[in-house]
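If you want the building blocks of each chain, they are given just below.
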Amino acid sequence: MILEAAMTLTKHFLLPGSLILLSFSGLAGAQVQAVDFIQLFEKMSGKQPGLRKAHARGVCAAGVFEPADSGPFVSAPLLSQGSLPVSLRFSVGGGNPAADERAPGTRGMGMQISLADGSKHTFTGNNFPVFAGKDPQTFFGFLSTLLPDEQGQRDPKRMADYVAMHPSVQGHYAWLKSAKTPASYANTEFFGLHTFFFQPKDESQIKFRWQLIPEAGVKTLEAEEAKAKPADFLAAKLAEQIATGEVSYSLVASLGEPTDSNIDPSSPWPADRPQVLLGKVRLNSAGGDSCTAINFDPNQLSRGFTPSDDPVLKMRSPAYAISFGKRLSGQ
Ligand code: HEM
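In short, a report on the structure. (Residues numbered from 1 in each chain as written. Predicted model: local features only at pLDDT ≥ 70, side-chain atom pairs only at ≥ 80, totals over all residues. Heavy atoms only, no water.)

1. Some words on the site of the ligand
So, point 1. Around the ligand sit 28 residues in total, of which Arg 52, Arg 89, Tyr 320, Ser 323 and Arg 327 are the nearest.
So, point 2. Within the side chain of Arg 89, one N or O atom sits 2.6 Å away from an oxygen atom of the ligand.
So, point 3. Between the ligand and Ser 323 there is a distance of 2.5 Å, counted from an oxygen atom to a side-chain nitrogen or oxygen.
So, point 4. For the shell around the ligand, the element with the highest residue contribution is helix 8 (residues 311-328), accounting for eight residues.
So, point 5. Of the residues in the shell around the ligand, the class split is 15 nonpolar, nine polar and four charged. (Near = heavy atom within 4 Å. Polar contact = N/O pair within 3.5 Å; in protein donor to acceptor, adjacent residues only side chain to side chain. Helix = DSSP H or I, 4+ residues; strand = E, 2+ residues; numbered from the N terminus. Nonpolar A, V, L, I, M, F, W, Y, C, P; charged D, E, K, R; others polar.)

2. Structural notes on the packing of helix 2 (residues 34-45) against helix 3 (residues 136-144)
So, point 1. Taken N-terminus to C-terminus, the directions of helix 2 and helix 3 make an angle of 15 degrees; their axes are 11 Å apart at the nearest point. Classified by the angle their axes make, helix 2 and helix 3 are roughly parallel. The chirality of how helix 2 crosses helix 3 is left-handed. The segment helix 2 lies against helix 3, with Asp 36, Phe 37, Leu 40, Phe 41 and Met 44 engaging Pro 136, Phe 139, Phe 140, Leu 143 and Ser 144.
So, point 2. In the contact of helix 2 with helix 3, the residues fall into eight nonpolar, one polar and one charged. (Axes fitted to C-alpha atoms, helices over the stretch in contact; angles between N-to-C directions. Parallel < 35°, antiparallel > 145°, perpendicular 65-115°, else oblique. Left-handed = near helix turned anticlockwise from the far one by under 90°. Contact = heavy atoms within 4.5 Å.)

3. Brief notes about the nonpolar core
So, point 1. The biggest cluster of nonpolar side chains holds 46 residues, and the ones touching the most others in it are Phe 73, Leu 78, Phe 90, Met 111, Leu 238 and Leu 283.
So, point 2. Of all elements in the fold, only strand 1 (57-67), strand 2 (84-92), strand 3 (107-114), strand 7 (196-198), strand 8 (206-214), helix 7 (233-244), strand 10 (247-255) and strand 11 (275-286) reach the threshold of two or more residues within this core.
So, point 3. Excluding residues that lie within four positions of it along the chain, Phe 90 makes contacts with Arg 57, Gly 58, Val 59, Ala 61, Gly 108, Met 109, Tyr 185, Phe 190, Leu 238, Tyr 249 and Leu 283. (Core = buried A, V, L, I, M, F, W, Y, C linked by side-chain atoms within 4.5 Å. Buried < 20%, exposed > 50% of the residue type's maximum accessible area, 1.4 Å probe, protein only.)

4. Some words on the pairing of strand 11
So, point 1. By the bridge criterion, seven bridges tie strand 1 to strand 11 in an arrangement that is antiparallel. Looking across to strand 11, one finds that Phe 65 is bridged to Val 281. (Pairing = 2+ DSSP bridges.)

5. A short note on the environment of Asn 262
So, point 1. Structurally, Asn 262 can be placed in the loop between strand 10 and strand 11.
So, point 2. When its relative accessible area of 30% is taken as the criterion, Asn 262 is described as partly exposed.
So, point 3. Separated by 67 residues in the primary sequence, Asn 262 and Thr 195 have C-alpha atoms spaced 5.4 Å apart.
So, point 4. If we skip the residues at most four places from it in the chain, Asn 262 touches Thr 195, Phe 197, Lys 207, Ser 308 and Asp 310.
So, point 5. Only 2.7 Å separates the side chain of Asn 262 from the side chain of Lys 207, close enough to count as a polar contact.

Pasting the structure below:
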């Protein structure tokens, strides 16, 4: 099946007479494209007309961003216009709209802050601190190991073998093996993973990676506790926490050194990098469909901010655009 997927995908790139060596990544020698990811997601989870091709299960939320009033980012329009409205979507990784929320694994958060001039700043992160691969190719190969074989069987050894051969997936794989079920979106930490830049007025550029840290602390469930929950407990839990108490997060930037990678989201920065508070995010509602027509493209940034040349970050815009177009047109 993987070979078949690889053959299908290489058809896009194979010129007559050229030699392309297939490897376990399925695409060695050819650059993986955004459309290949969409096809892979649809292969993994089936076509899900009208839904996100990744992170299909999720819940909308809304709130307010209260910027911090000091620090090196303070001249940014994002931080100098007072409280701003925020639209969010929390999600479970993967393209299955009925994903079991009792299972450990990826949880996501898309957050779009609307500035007074109509511009938007989008933060879209996951609950793991290190990405599965240094570039789109490596990530694609990793995901491909999850496809069933010709007999419809999934073989966990395939993933383990791939990981052994691809060091840049090893940090993520270690996280995956030890991850527990998140107790609530209000108790989950989200990591931006990519490097971004901010240019303050008359000063040198700041290089940073962001994190959204829950004020109520990170909480996970033991397997027995998770088993006792309904398969779709996360939306109700979030709404309950918003109704009965405050749900808020700190949006924090870690400041990078020149030696910290600009382009590799699988390469974590040292834990002791200084952290600066950008602001607090307070939620005031959850549920409904206010986030359905939002594309949480992480490259949509407000004035003063720029994305890095991280090839994974670059791949996200076209992939999200294809998924967005498809789902809004009922495909
Ligand atoms: C090559 C790498 C990646 C590809 C191809 C990819 C692809 C996608 C696609 C197609 C969607 C659905 C978009 C939509 O329909 O609006 C999506 C959603 C999402 N992705 Fe990624 N992604 C990648 C990397 C990442 C990374 C590094 C993160 C975390 C830092 C991430 C976090 C999310 C989240 C949280 C959502 C859900 C957003 C929402 O609720 O609308 N993705 N991704």
